[in-house]
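Results of the structural survey
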Amino acid sequence: MTMTAPRRTRQLAVVPARRGQTHDLDQFQDQLDQLVRSFFRDPFGMVGSSDQTPVWVPAADIEETDDAYVVELDVPGVRRDDVSIQLRDNEVRITGEVKQRERTGLLRRQTRRVGQFEYQVVLPGDVNPDQVDATLRD
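Residues numbered from 1 in each chain as written. Predicted model: local features only at pLDDT ≥ 70, side-chain atom pairs only at ≥ 80, totals over all residues. Heavy atoms only, no water.

Of the regular secondary structure elements, the chain holds 1 helix and 7 strands. Along its sequence from the N terminus, the chain presents helices and strands in the succession α-β-β-β-β-β-β-β. Looking at the chain as a whole, 14% of its 138 residues are labelled buried. Accessible surface, the chain as shown: approximately 11,900 Å² in total, 46% of it carbon and sulfur. (Helix = DSSP H or I, 4+ residues; strand = E, 2+ residues; numbered from the N terminus. Buried < 20%, exposed > 50% of the residue type's maximum accessible area, 1.4 Å probe, protein only. Areas by Shrake-Rupley, 256 points an atom, 1.4 Å probe, with all protein chains shown as cover.)

On the surface, a cluster of nonpolar side chains totalling about 260 Å² of accessible area is made up of L25, F28 and L32. Residue placement: F28 occurs in helix 1 (residues 21-40). (Patch = residues over 30% accessible without salt bridge, like charges linked within 9 Å, V, L, I, M, F, W, Y side chains within 5 Å. Salt bridge = Lys/Arg side-chain N within 4 Å of Asp/Glu carboxyl O.)

Here D89, not a glycine, exhibits a phi torsion of approximately 55 degrees, which is positive. In this fold, D89 is placed in the loop between strand 5 (83-88) and strand 6 (91-98).

What follows is about the pattern of salt bridges. Applying the stated criterion to the full structure yields 4 salt bridges. Put simply, R79 and D82 hold a salt bridge, and the shortest N to O gap is 3.2 Å. A cluster of three or more residues bridged by salt bridges with shared partners is formed by R79, D82 and K99.

Inspection of every chain in the model, using the stated rule, returns 1 aromatic pair. Pairing W56 with F117 gives two aromatic rings, centres 5.5 Å apart and planes at 45 degrees, and the pair type is tilted. Here W56 is found in strand 2 (residues 54-56), whereas its partner F117 is found in strand 7 (residues 115-122), with 61 residues between them in sequence. For F117, a relative accessible area of 2% puts it in the buried group. (Phe/Tyr/Trp six-rings, centres within 6.5 Å; stacked < 30°, edge-to-face > 60°.)

In this structure, T95 sits in strand 6. In this view, T95 contacts D82, V83, S84, F117 and E118; residues no more than four positions away in its chain are not counted. (Contact = heavy atoms within 4.5 Å.)

Turning next to the environment of R101. Its place among the elements puts R101 in the loop between strand 6 and strand 7. In this structure, the C-alpha to C-alpha distance between R101 and V114, residues 13 residues apart in sequence, is 9.2 Å.

We now examine the pairing of strand 4 (residues 69-73). On any regular strand, side chains alternate: one points to one face of the sheet, the next to the other face. Pairing of strand 3 (residues 60-64) with strand 4, which is carried by 5 bridges, proceeds in the antiparallel orientation. Across the sheet, I62 pairs through a bridge with V71, a residue of strand 4. Where strand 3 folds back on strand 4, the antiparallel hairpin that results is connected by 4 residues. (Pairing = 2+ DSSP bridges.)

This part takes up the nonpolar core. Among the nonpolar cores identified, the biggest contains 10 residues, and these are W56, V75, V78, V92, I94, V98, F117, Y119, V121 and L123. Within the residue set of this core, elements represented by two or more residues are strand 6 and strand 7. Residue contacts for V121: discarding those within four places in its chain leaves I62, N90, E91 and V92. (Core = buried A, V, L, I, M, F, W, Y, C linked by side-chain atoms within 4.5 Å.)

Looking at the chain, pLDDT values average 75 and 65% of them are 70 or higher. Low confidence marks residues 1-9, where pLDDT is under 50. Its contacts with residues over four positions away, or in another chain, come to 1 contact. Ignoring residues within four places in sequence, the model shows residues 41-50, a span with pLDDT below 50, making 17 contacts including any to other chains. (pLDDT = per-residue confidence, 0-100.)

Given below as structure tokens:
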């Protein structure tokens, strides 16, 4: 299936700060990150929650075997206590939080996702709640 989306264009004005090449590059990267985040906010996983904290949707695979549905999420750095899995009929909802680690130095750039995440999927068939199993690895 092919899905097309309307093309959006924006102009980005980059004004050099004349404080050195490293500063100029960092400033450009920050502006580019803001542009990408604003463009991909809703369709690709950044939605506002009730307290205005951004919530992101982790990458996932859903596999259907002969006797099960296997839902695999990529949530690196998440702890077992920071994940909640709920099942209602054939709808699975997985929520949690990847917590920011404490840093002693100056953080120049952050591309890892931190904060609250939420993943919901409606499975195509019935689910027996007594046979649901969840594991957290690595």
